[in-house]
Amino acid sequence: MRRPTALFTGLALAAAFLWNPAFAGDPCVSGLKPGAKPGPYSAIVAVGKERGEAPHCFICDTAEHPAVIVFARHLDDPLAKLVAGIDKVVAENKKAELHGWVTFLNDDQSAFDPLVVDWAKKHAIRNVPLAVFEDVAGPPTYKLNRDADLTVLLFTKHKVVNNFAFRSGELTDERIAEILKAIPALLEGDKK
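Note that the structure is predicted; figures quoted are calculated from it, not measured.

Analysis parameters
Residues numbered from 1 in each chain as written. Predicted model: local features only at pLDDT ≥ 70, side-chain atom pairs only at ≥ 80, totals over all residues. Heavy atoms only, no water. Helix = DSSP H or I, 4+ residues; strand = E, 2+ residues; numbered from the N terminus. Buried < 20%, exposed > 50% of the residue type's maximum accessible area, 1.4 Å probe, protein only. Contact = heavy atoms within 4.5 Å. Areas by Shrake-Rupley, 256 points an atom, 1.4 Å probe, with all protein chains shown as cover. Polar contact = N/O pair within 3.5 Å; in protein donor to acceptor, adjacent residues only side chain to side chain. Pairing = 2+ DSSP bridges. Axes fitted to C-alpha atoms, helices over the stretch in contact; angles between N-to-C directions. Disulfide = S-S within 2.5 Å. Expected span 1.5 Å × (residues − 1).

Okay, the overall build of the chain next. Helix and strand content of the chain: five helices and six strands. For the chain, with 192 residues in total, the buried portion stands at 43%. Taking all contacts inside the chain whose residues are at least 6 apart in sequence as the whole, residues at least 24 apart take part in 75%. Entry remark: accessible area of the chain is about 10700 Å², with carbon and sulfur atoms responsible for 58%.

Right, let's get into the environment of Asn106. Structurally, Asn106 is set in the loop between strand E3 (99-105) and helix H4 (109-122). Between the C-alpha atom of Asn106 and that of Arg73, which follows or precedes it by 33 residues, the distance is 6.7 Å. Discounting residues that sit within four places of it in the chain, Asn106 has contacts with Phe112, Val132, Phe133, Glu134, Asp135 and Val136. Side-chain polar atoms of Asn106 contact the backbone nitrogen of Asp108, separated by 2.8 Å.

Reading across from one edge, E1-E4-E3-E2-E5-E6 is the order of the six strands in this open sheet, with mixed pairing throughout. Each edge of the open sheet is held by one strand with a lone partner, namely strand E1 (44-47) and strand E6 (159-166). Strand-to-strand twist in this sheet, taken as the mean axis angle between neighbours without regard to direction, amounts to 25 degrees. For strand E2 (residues 67-72) and strand E5 (residues 150-156), the ladder comprises six bridges, and the chain directions are antiparallel. Paired with Ala72 across the two strands is Leu150, which belongs to E5. Sheet contacts for H4: E1, E3 and strand E4 (130-133); angle to E1, the most-contacted strand, approximately 35 degrees.

To continue, consider the state of the cysteines. All told, the structure shown has one disulfide when counted by the stated rule. Sulfur-sulfur distance for the disulfide between Cys57 and Cys60 comes to 2.4 Å. Taking the sign of the torsion about the S-S bond as the criterion, the disulfide between Cys57 and Cys60, at about 80 degrees, is right-handed. Residue classification places Cys57 among the buried residues on the basis of a relative accessible area of 11%. Looking at Cys60, the relative accessible area reads 53%, which means it is exposed.

Let's shift gears to helix H3 (residues 77-92). With 16 residues, H3 should cover 22 Å at 1.5 Å per step; its first-to-last C-alpha distance of 23 Å lies within 8% of that length. Looking at H3, one finds that the buried residues are Leu79, Ala80, Leu82, Val83, Gly85, Ile86, Asp87, Val89 and Val90. Among the residues of H3, the N-terminal cap falls to Asp76, whose side-chain oxygen and the backbone nitrogen of Leu79 are separated by 2.9 Å.

What follows covers the side chain of Ser30. Its location among the elements puts Ser30 in the loop between helix H1 (4-19) and E1. Using a relative accessible area of 2% as the deciding quantity, one classes Ser30 as buried. A polar atom in the side chain of Ser30 sits 2.8 Å from the side chain of Thr151. Non-local contacts of Ser30, meaning those with residues more than four positions away in its chain, are made with Lys143, Leu144, Asn145, Ala148, Thr151, Asn163 and Ala165.

Here it is as structure tokens:
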């Protein structure tokens, strides 16, 4: 015979799991909100013309130009699809001086660097630099959520315009299309 307390405990745990906001389908929130100013931070460049130099600040390069920052914690195929899309948009908008880069958050840059280099080659990333920030929490002023596997910020004229954040497994083709569709609006906003 089952004891009622074991059954009750099992039901209570299942209910807690289902009603937990992290599992209830609530959108992931991470990073600077629209209107906030992205501050400078430095990362070690794994792929890009700044590779081999001292830590580099891409924010410092952008001035008032439009930019896309991707903060990522893992290398995977959905991220590759997003970065390849950004890579293409950056190449097509050189006149608009669109900037874009990926900052990987990892505690061991020297071990992670070769993985980033191989990943970039495999996915033919050419116009978007890839760098490693040596702290999985990310730059403190960016307030990145530890549950966010990926945070994408679009900004121009020193102000965040769009913020997209995803937990592991949440970056779908539809969400990639949504991010890529927001970039032309960012470029239009830069002309104002």
